[in-house]
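# Understanding the architecture of this molecule
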Amino acid sequence: MKKLTLALLGSLLAACSSTPPTPKASLDGEVFYLQRIALPPSATLSVSLQDVSLADAPAVTLARQSGPVNGQVPLPFHLTYDPAQVKPGHRYAVSARIELDGKLMFINTEHHAVQLDGHDPQPVRIKVDAIR
């Protein structure tokens, strides 16, 4: 009986000593466009947070939100990322696109830099332009 009690207490202590969850950070914002048109209900919004430090390599995605558009502009987004992936001296940017049936309708044409140091103004506002 003592061995069973000790084994049970040991397993409880092991469960309590597990590593704490990695803290998460987030970036909130909204995507908008200036055209006075409504989005079709089947349109999708994709927003990405990327490390754009290396000019000769693809950007590394730290966070991404993608899904159906709910309502009309401005379209809110919420990106959750691991702050341990943020490296000193690196450059980060947020990009957005709106698609309809896999075809691009709107995309940001300006660079939207973020510092990820806790001082970025929120909500981040990203203007997207129509693709002609």
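Here the structure is a predicted model, which is why all the values come from computation and not from measurement.

### Here's the deal with the sheet that holds strand E1 (residues 25-32)
In spatial order, the strands read E4-E1-E8; together these three strands make up an open sheet with mixed pairing. In this open sheet, the two strands that pair with only one neighbour each are strand E4 (75-81) and strand E8 (124-127). Geometrically, the sheet is characterised by an average inter-axis angle of 30° between neighbouring strands, direction not taken into account. Here E1 runs beside E8; their pairing, made up of four bridges, is parallel. From the neighbouring strand, Glu30 faces E8, where its bridge partner is Arg125.

### Considerations on the side chain of Asn108
Mapped onto the elements of the fold, Asn108 is located in the loop between strand E6 (103-107) and strand E7 (113-114). Beyond its immediate chain neighbours, meaning those up to four positions away, Asn108 contacts Val94, Ser95, Ala96, Ile126, Lys127 and Val128.

Thresholds, definitions, all that
- Residues numbered from 1 in each chain as written.
- Predicted model: local features only at pLDDT ≥ 70, side-chain atom pairs only at ≥ 80, totals over all residues.
- Heavy atoms only, no water.
- Pairing = 2+ DSSP bridges.
- Helix = DSSP H or I, 4+ residues; strand = E, 2+ residues; numbered from the N terminus.
- Axes fitted to C-alpha atoms, helices over the stretch in contact; angles between N-to-C directions.
- Contact = heavy atoms within 4.5 Å.

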